[in-house]
Amino acid sequence: MAIALLGALSPLVPVSRRRVWIEQWRAELWHYALWLQRERASCAALRLLARASGAAAHALHLRLADWSPRMIVHDLRFAWRMFVRRPAFTAVAVLILALGIGANTTIFSWIQSVLFSPLGGVVRQDRIVVVRTATAEREGLSLSYPNFQDLRAAKPEGLADVMAFRLASMSLRAGGDPVRAFGALVSANYFDFLGVRPVLGRGFTADEGIVPDRDPVVVISHEFWTRVFGADPAVVGRSVTMNSRAFTVVGVTPPEFHGPVASVMLDVYVPVTMQRAVLAGHRLPPRGGGWLDVYARLADGASLEQARESVGVVGMRLADQFPDANRGRHLRVIPLWRSGTGSVLLPVFTTLMAVVGVVLLIASANVAGLLLARGISRQREIAVRFALGASRWQVVRQMLIETLMLSAAGCVLGLAAARWTSGLLDVFVPRMPFPLRFDAHVDSASVVFAIAVAVASAVSAGVVPALRSSRVKPGPALKDATPATSGRSGGLRRGLVIAQVSLSVVLLVCASLFTRSLLRSDAMDPGFSLRTGLLAAIDLAPGGYDADRGAVFVQQLIDRVGSLPGVTAATVARTIPLDVGGSSDMSVAIDGYTPRQDEEVTAYYNQVGPRYFETMGIPIVRGRAIAPGDVGGQRQVAVINETMARRYWPAGDPIGAIVRFGSGPVTIVGVARDGKYSRLSEAPRNYMYLPALQNYRSDLLLHVRSDADAAVLLPAVRAAVRELDPNLALFDVRTVQQHLRISTFLARMAASVLGVFGALGLLLAAVGLYGVIAFNAAQRTREMGVRMALGASRSQVVSLLLWDGFVLGAAGIAAGLAMALGAGRLVAGQLTGVSGADPVSFWGTAAIFVAVTTAACLLPARRAARLDPLAALRQE
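Residues numbered from 1 in each chain as written. Predicted model: local features only at pLDDT ≥ 70, side-chain atom pairs only at ≥ 80, totals over all residues. Heavy atoms only, no water.

With that settled, the discussion passes to the pairing of strand β21 (residues 699-706). Of all the eight residues making up β21, seven are buried; the element is thus mostly covered by neighbouring parts of the structure. As paired strands, strand β11 (residues 533-539) and β21 are joined by seven bridges and run antiparallel to one another. What sits directly across from D539, in β21, is D699. In this structure, strand β12 (residues 567-573) lies alongside β21, joined through six bridges in antiparallel fashion. Its bridge partner being in β21, A569 is matched across the sheet by R705. (Buried < 20%, exposed > 50% of the residue type's maximum accessible area, 1.4 Å probe, protein only. Helix = DSSP H or I, 4+ residues; strand = E, 2+ residues; numbered from the N terminus. Pairing = 2+ DSSP bridges.)

A grouping of R77, R81, R85 and R86 is seen on the molecular surface, where their side chains present a positively charged patch. Summarising the element assignment, R81 is placed in helix α4 (residues 69-85). (Patch = residues over 30% accessible without salt bridge, like charges linked within 9 Å, V, L, I, M, F, W, Y side chains within 5 Å. Areas by Shrake-Rupley, 256 points an atom, 1.4 Å probe, with all protein chains shown as cover. Salt bridge = Lys/Arg side-chain N within 4 Å of Asp/Glu carboxyl O. Lys, Arg positive; Asp, Glu negative; His and termini not counted. Charge placed at Lys NZ, Arg CZ, Asp CG, Glu CD.)

As a further point, take helix α2 (residues 15-39). With 25 residues, α2 should cover 36 Å at 1.5 Å per step; its first-to-last C-alpha distance of 36 Å lies within 8% of that length. Looking at α2, one finds that the buried residues are W21, W25, L29, Y32 and L36. One or two positions beyond α2, positive phi appears at R40, with a value near 50°. (Expected span 1.5 Å × (residues − 1).)

Further remarks concern a nonpolar patch on the surface. Taken together, the side chains of V447, I451, V455 and V459 define a hydrophobic patch exposed on the protein surface, amounting to about 300 Å² of accessible area. Mapped onto the elements of the fold, V459 is located in helix α15 (residues 444-469). Look at V459 and you get partly exposed, because its relative accessible area is 46%.

This next bit is on the packing of aromatic side chains. By the definition in use, this model includes 22 aromatic pairs. On the numbers, 5.6 Å between centres and 50° between planes, the contact of F191 with F204 is tilted. Within this pair, whereas F191 is found in helix α7 (residues 190-194), its partner F204 is found in the loop between β4 (200-201) and β5 (217-220), the two being separated by 13 residues in sequence. For the pair formed by F191 and F204, the shared burial category is buried. Where F191 meets F257, the ring centres are 6.5 Å apart and the plane angle is 65°; that geometry is what we call edge-to-face. (Phe/Tyr/Trp six-rings, centres within 6.5 Å; stacked < 30°, edge-to-face > 60°.)

Below, the discussion takes up the nonpolar core. One finds L194, Y269, F349 and F757 to be the most contacted residues of the largest nonpolar core, which totals 112 residues. Broken down by element, the residue count for this core peaks at 17 residues, all from helix α23 (residues 745-779). Leave out the neighbours within four places in its chain, and F757 touches A103, I107, V355, V356, V359 and L507. Of all hydrophobic cores here, the second largest spans 45 residues; its members include V131, L151, F224 and L284. (Core = buried A, V, L, I, M, F, W, Y, C linked by side-chain atoms within 4.5 Å. Contact = heavy atoms within 4.5 Å.)

This paragraph deals with unusual backbone geometry. Despite not being glycine, S263 shows a phi value in the positive range, around 70°. Tracing the sequence through the fold places S263 in the loop between β7 (245-252) and β8 (268-271). S263 sits in the buried class, given a relative accessible area of 2%. Of note in the backbone geometry, D439 takes a positive phi value of approximately 55° without being a glycine.

The subject of this paragraph is the pattern of salt bridges. A complete count under the given rule lists 34 salt bridges for this structure. Between E28 and R51 there is a salt bridge whose closest N-O contact spans 2.5 Å. Of the two residues, E28 is situated in helix α2 and R51 in helix α3 (residues 44-66); the sequence distance between them amounts to 23 residues. On the accessibility criterion, E28 (33% relative accessible area) is partly exposed. You can call R51 partly exposed: its relative accessible area is 31%. D653 is the salt-bridge partner of R622, the closest N and O atoms lying 3.5 Å from each other.

Here the focus is the side chain of T643. Mapped onto the fold, T643 is located in helix α20 (residues 642-648). With a relative accessible area of 6%, T643 lands in the buried category. There is a polar contact of 2.7 Å between the side chain of T643 and the side chain of D674. Sequence-distant contacts of T643, that is, excluding residues within four places in its chain, are made with D674, P684, R685 and N686. (Polar contact = N/O pair within 3.5 Å; in protein donor to acceptor, adjacent residues only side chain to side chain.)

This paragraph deals with the packing of helix α5 (residues 87-116) against helix α14 (residues 392-421). Where α5 contacts α14, the axes come no closer than 6 Å and their chain directions differ by 45°. With respect to each other, α5 and α14 are oriented oblique. The crossing of α5 and α14 is right-handed. Judged by residue contacts, F89, T90, A93, V94, L97, A98, I101, G102, T105, T106 and W110 of α5 engage L406, S407, A409, G410, C411, L413, G414, L415, A418 and T421 from α14. Tallied by class, residues from the contact of α5 with α14 come to 13 nonpolar, eight polar and no charged. (Axes fitted to C-alpha atoms, helices over the stretch in contact; angles between N-to-C directions. Parallel < 35°, antiparallel > 145°, perpendicular 65-115°, else oblique. Left-handed = near helix turned anticlockwise from the far one by under 90°. Nonpolar A, V, L, I, M, F, W, Y, C, P; charged D, E, K, R; others polar.)

Here it is in structure tokens:
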């Protein structure tokens, strides 16, 4: 086996030194084998093979030493002259490679910003993992504050530290009008955990994370400091009012740091012990209610599996110690890139990365076809080289250098394009209720990736044409006036064209699937009819409202806005269906229903005001809706959806039934039609509507149903709010149409990007097909002249060449449709209302490619048919 390895490595060694190299290594291995035999060493064969593997480095060293800098410079100069001599070929090849490299670099920069390096300014974020709670039926649940404290105190093996946070919107006043701030409640070790050092002031001290409601301090972001405080260097120590509480600014974060969640730009950070000043309720003591996101940092040398095991042990211990709150719950550890924004975008990015990989294959195949055709035209030049004493390796090396230069130029051009296109990710982001900015850009990792892609494309596109073109016999090549095409070379070019067409069919089918999915999503019934109007957030906390005053204000606000001209109805709710934050759920108990073993009875819920169902356009199919009289002090009521009614009262009437959960028992007074609450593609789920006037929240979302122009309606709504309380303001104002675009954001992005790449693949395939037919027509000029001289008509010549093109196109289309079936299965989970084998997409794509094939073949065929037979016969 060792001798066989030497034989396999010998081509790497220059011919002039190959014989000596083989003899040296054979002698070396012979002596080593004798020594192993004398020492009776174990695993002698394996050790002998390991010694033989050292020949690879030696062979490579000899090859590089043989490849002197002078020869490299000579090859580079010659390649440059060849490119200048054929500028059209050079420009087309560089442009094709630039498209493939630029597309791959663009998508990689997106992935880099969201998955690989999502937290700007955070040190060693590859060592950060996410800790979540899981039950038998649910994954990805948050942790309660007591469970987080116990997890951190347990110091699980393999974890250096644990940190917790909760995103929240706040109202902040710094002397002028209140401004909306999006921030986070964080544990005291937040900045130390992330390795972030404030540029002004300090972070939080350990003492500020102990006593609830004692330390009203805040750290602001660099962007918020610049935007609201005018970059005032004396901001540290300044007092601000947040949700009607006085806070002291103690620090400013670095400009590159934007928070613990990918692409979400946070403004302020508050100690978690100040929860009651930011979020409603008293959430710190209960162990059963999860509301905190928890990150852990792996210790040096620790693995993810080690962290999973140790955290799992802590979770079991918590379940034993606090069975009422933690029974059936487990702690899970997942990588950071599988949480938050990354988990949402991962399927789409995976699809896009696969698509641009296909684009690169098409581009490489296209350039390989060009190099094959160019190699045929250089047969005489190569024969002269052989006649002057050049080796085949020197010819192959020269051609590989030319391909590497083409690829390097394509890499530079692709990086320049990616620097612009990487920022296009933010173009797809619709108006969100919180600041979301991906800020993707070409960084050092993207440059390294682009160089690697360029080398890979040069190898894939250049090796086979170089080897094929170097198989030239000097004698016949120097005697023939016209280049001779071998059957293998022609077959290889046809094979490359078939591959391009088939891969392009896959791209176009996928683009069609996502486009039709987007159209279906736009036309899908989400369960409510609200399509026009306004949405605006309002926070009563800055006005010092309690539950009683807040309920009165909300009722007055609904009546006042609902009576404005052009307004059909108005209401408030905690959130709106299909919002980016999803829906909250909770465990419930239903009187008269006995859960099966290990069955979890949960329901998603929303707090809604009077006239909610009228404003949203959600039909009540039984009972009544939430009424203005459903206020505090009255019987607690709820409206459930049809799914929940069918599941727990399959044969009875749920009206009057009792559902129990944390805030107490509620009586079901109505059943609403099913709808979509988090995603258009979600399965039916239990859902409860609770009266907002009985379950007070200071932060609510005002819903206004109106056909009036938003630019006219908004001032009237703002005036109505000011009339009720001049200290309150509306935030995060958006139209209903803008909100509905959130639910189709991913589908719209995927359809748009795939559509561009599909069109690009179609163009490359058409160019490749045209090139092969045109080259074949040129090679068969004399044959066409003979045929026409013997009586063949021009239409017969056209039909002959068209048939060649159709054969290639049909083979590519058939192979592409077969591969597209597999691709459709892979992306079926990302489609809405369309299957992965959608016949419209498949047959439509096939029809497009038949038309493109006809167009690509018709031009060279008609050109060949216009030849003069006598001139064609005289052509050599």
